[in-house]
Amino acid sequence: MFSKLVRRHPWATALGSLSVLALTSVSLVATALGLQAREEATRAQSAYRFMTDLFSSADHDASTDQTLSASDILRASGAKLRALKTEQDRHLAIELLSGIAMGQRRLGDYEGAADSHLQRLNYLSPHEQATERVMALLDLCIGHVDLGKYQEARHFLRQALDESPRAEPSRRLFRQMSAAAGYLAQHTQQLTLAQQALNVYLELAAKDPEDVDAEALMQTHLDIAQIETLRQQPESARRHLAAAEQLAQVHTQDFPWARFNPVAIYRVNIEMNEGRYAHTVAWLAPTVSACGEAMGASSATCSMLRAELLAAYQKMGHIDLAAQARPLLLNLDRSKVTPAFFRDILASLAKLAGMQGAPAHHEDLLALAQAAKDAAESSVDASLELPLFNALAEAHLWAARPQEAKPWVQRARQLLQQHPGLSASRESLKTGLYEGLILQAQGRYQEALSAMGPICQPSWLNTPTPHRVLTHLNSLNCVPTLAALQRKDDAMALVNAALPLLEQAMGADSPVMQRVSALKADLDKVPTIAPKPRPTLPFF
């Protein structure tokens, strides 16, 4: 009987939860603005009228069996708010749109959330509602990072900073500014801009520590730790990471999930950037298990940590251990993670399929290829497309299929030509490396060496970079080419430079270290490699 009612009145059944959200949003905003009780009641009544009107217009055909999702309902609500005309209605729209956007983001409707925040911004006056405008701009920054539209995200953050002098200074404002800047810094190299906002928040917190939001302060320390890692300041990064971990421990009762998200997620990102793979695995494996017990194995947080564990095992060459994460990652609820993270999951699974051999999980390669096609057809930032093409090339190279890797390398090269700003990125180096490996498989060693570029030069490898361990690992792909060109000394220099770093990063007994030791032994015995060397696994 109940299921029949749901089918006949889908809007009536689903709108109850949205009514609660809307009324709660109105109440919270009204309280924050210090409105009188009578005004609060008036606005609550307006919200109620809006919801009942929405129901009466939406549930016009009770004879249909259409199933409506929560995202459908939220989108329809936003569309109806655009039609509101009076000043009182505009105030109502501002308040409701904030709650609607929050709900859409939680449901994984990132496009819808960005649209709702943009509607909200358009209703706000630059002078009379300056503070709320800045908050809306910061929400738009975060929303566009979710979508992988980094250029637009930078635009909204810059606009927020430009308009912030007109806003009323408050901890709430600077907390949101630091959150937006830190989130953008995680995905781009906008480090100076991000650190400015984060340091302002820390200064405010230091002036009045009794009035500090502990969760926001913890997040700020984590964001600064991430930035300091990218700026190659590991000691400073560890200090801020330790401060965040201490806050999470002290406030366990207030936010028990914090040890997993955000602390463990930030910690693993920082340590993976530094190449501390063995150290990461040692603490991350039990943390993933504890996360599953506390939050559910299929939760978004546990899936994010599990994906990083898979990546660490891959770097160390533990293919069987990495494969254990695959079934749980396949069950990930896509609506609970950002599109960018979901693409990262697909890339990891595709590389794993390549490492396991040609017949293994071909569907994972197809899924990543489809994601790359979708990204190319959408308006995501080019810096997101390039890793997808590179990941597909890498997966095929792992499976010893250089000819199938070639089209993806060509697409990556075309993208780099269209976007010269990406030429200094690590992904650009990877594209050159993959080009070189394809040429190396064909015996075209001089061309291969040229394509691989500076990664084959011992002098360049001594330059400090945020990814020093990984760079030295990748440089080992140059060894067969250098040896074939009778440059054994240069090849041995690459191996000797990589050995101590990789042993510390991965452990002496890891499969990758066993391959590196074998590579050194072969190089000691043979002055050159034959024109057609036997196929070997690459070093990624």
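The structure displayed is predicted, hence computed values, not measured ones. (Residues numbered from 1 in each chain as written. Predicted model: local features only at pLDDT ≥ 70, side-chain atom pairs only at ≥ 80, totals over all residues. Heavy atoms only, no water.)

## Considering the confidence of the model for the protein chain
Argument step 1. Looking at the protein chain, pLDDT values average 78 and 78% of them are 70 or higher.
Argument step 2. Under a pLDDT of 50 for its full length, residues 1-33 has, in the predicted model, 52 contacts with residues more than four places off or in other chains.
Argument step 3. Across residues 54-63 the pLDDT falls below 50, and counting only partners more than four positions away or on other chains, this stretch makes 16 contacts in the model. (pLDDT = per-residue confidence, 0-100. Contact = heavy atoms within 4.5 Å.)

## Digging into unusual backbone geometry
Argument step 1. With an omega of 25°, the peptide bond between Asn261 and Pro262 qualifies as cis.
Argument step 2. With respect to the secondary-structure elements, Pro262 resides in helix 13 (residues 260-274).
Argument step 3. One non-glycine residue, Ala400, lies in the positive phi region at around 60°.
Argument step 4. Inspection of the secondary structure assignment puts Ala400 in the loop between helix 20 (382-398) and helix 21 (402-418).
Argument step 5. Ala400 gets classed as exposed once you look at its relative accessible area, which sits at 54%.
Argument step 6. Phi angles above zero are rare outside glycine, and Gln486 is one such case at about 60°.
Argument step 7. Tracing the sequence through the fold places Gln486 in the loop between helix 26 (479-484) and helix 27 (488-506).
Argument step 8. For Gln486, a relative accessible area of 64% gives the class exposed. (Helix = DSSP H or I, 4+ residues; strand = E, 2+ residues; numbered from the N terminus. Buried < 20%, exposed > 50% of the residue type's maximum accessible area, 1.4 Å probe, protein only.)

## Some remarks on helix 11 (residues 214-230)
Argument step 1. The terminal C-alpha atoms of helix 11 lie 25 Å apart, and with 17 residues this matches the ideal 24 Å at 1.5 Å per residue to within 8%.
Argument step 2. Taking burial as the measure, the 17 residues of helix 11 include 15 buried ones, the bulk of the element. (Expected span 1.5 Å × (residues − 1).)

## So, helix 14 (residues 277-295)
Argument step 1. Between its first and last C-alpha atoms helix 14 spans 25 Å; for 19 residues at 1.5 Å apiece the expected length is 27 Å, and the two agree.
Argument step 2. At Leu284, helix 14 is bent by approximately 30°, the largest bend along its length, and proline Pro286 sits one to four residues beyond.
Argument step 3. Taken as a whole, helix 14 has its buried residues at Tyr277, Thr280, Val281, Trp283, Leu284, Thr287, Val288, Ala290 and Cys291.
Argument step 4. Taken together, the buried residues of helix 14 touch helix 13, helix 15 (300-316), helix 25 (468-475) and helix 27.
Argument step 5. Positive phi appears at Gly296, one or two residues downstream of helix 14, with a value of about 100°. (Bend = angle between axes of the 7 residues up to and from the residue.)

## Looking at the pattern of salt bridges
Argument step 1. Counted by the stated rule, this structure contains 19 salt bridges.
Argument step 2. Of the charged contacts, one joins Glu274 and Arg238 as a salt bridge, the two residues approaching to 3.3 Å between their closest N and O atoms. In this pair, Glu274 sits in helix 13 while Arg238 sits in helix 12 (residues 234-250), placing the two residues 36 residues apart along the sequence. (Salt bridge = Lys/Arg side-chain N within 4 Å of Asp/Glu carboxyl O.)

## Quick notes on the nonpolar core
Argument step 1. Core analysis: the largest hydrophobic core is formed by 93 residues, its most contacted members being Tyr277, Leu305, Leu368, Leu476, Val479, Leu502 and Met506.
Argument step 2. Sequence-distant contacts of Met506, that is, excluding residues within four places in its chain, are made with Tyr277, Ala278, Lys315, Met316, Leu473, Val512 and Met513.
Argument step 3. Formed by 53 residues, the second largest nonpolar core is a distinct cluster that contains Ala167, Ala205, Val212 and Ala258. (Core = buried A, V, L, I, M, F, W, Y, C linked by side-chain atoms within 4.5 Å.)

## Observations regarding the side chain of Asn477
Argument step 1. Along the chain, the position of Asn477 falls in the loop between helix 25 and helix 26.
Argument step 2. The class for Asn477 is buried, based on a relative accessible area of 3%.
Argument step 3. From its side chain, Asn477 meets the backbone oxygen of Asn474 in a polar contact 2.9 Å long. (Polar contact = N/O pair within 3.5 Å; in protein donor to acceptor, adjacent residues only side chain to side chain.)

## A look at the packing of helix 27 against helix 28 (residues 511-525)
Two quantities define a packed helix pair, namely the angle between the helix axes and the distance between the axes.
Argument step 1. Close contact between helix 27 and helix 28 brings their axes to 10 Å; oriented N to C, the two are set at 155°. Between helix 27 and helix 28, the crossing angle belongs to the class labelled roughly antiparallel. Considering only the axes of helix 27 and helix 28, their crossing is left-handed. Residues Lys488, Ala491, Met492, Val495, Asn496, Leu499, Leu502, Glu503 and Met506 of helix 27 form the contact with helix 28, whose participating residues are Val512, Met513, Val516, Leu519, Lys520, Leu523 and Asp524.
Argument step 2. Partitioned by chemical class, the residues of the contact of helix 27 with helix 28 number 11 nonpolar, 1 polar and 4 charged. (Axes fitted to C-alpha atoms, helices over the stretch in contact; angles between N-to-C directions. Parallel < 35°, antiparallel > 145°, perpendicular 65-115°, else oblique. Left-handed = near helix turned anticlockwise from the far one by under 90°. Nonpolar A, V, L, I, M, F, W, Y, C, P; charged D, E, K, R; others polar.)

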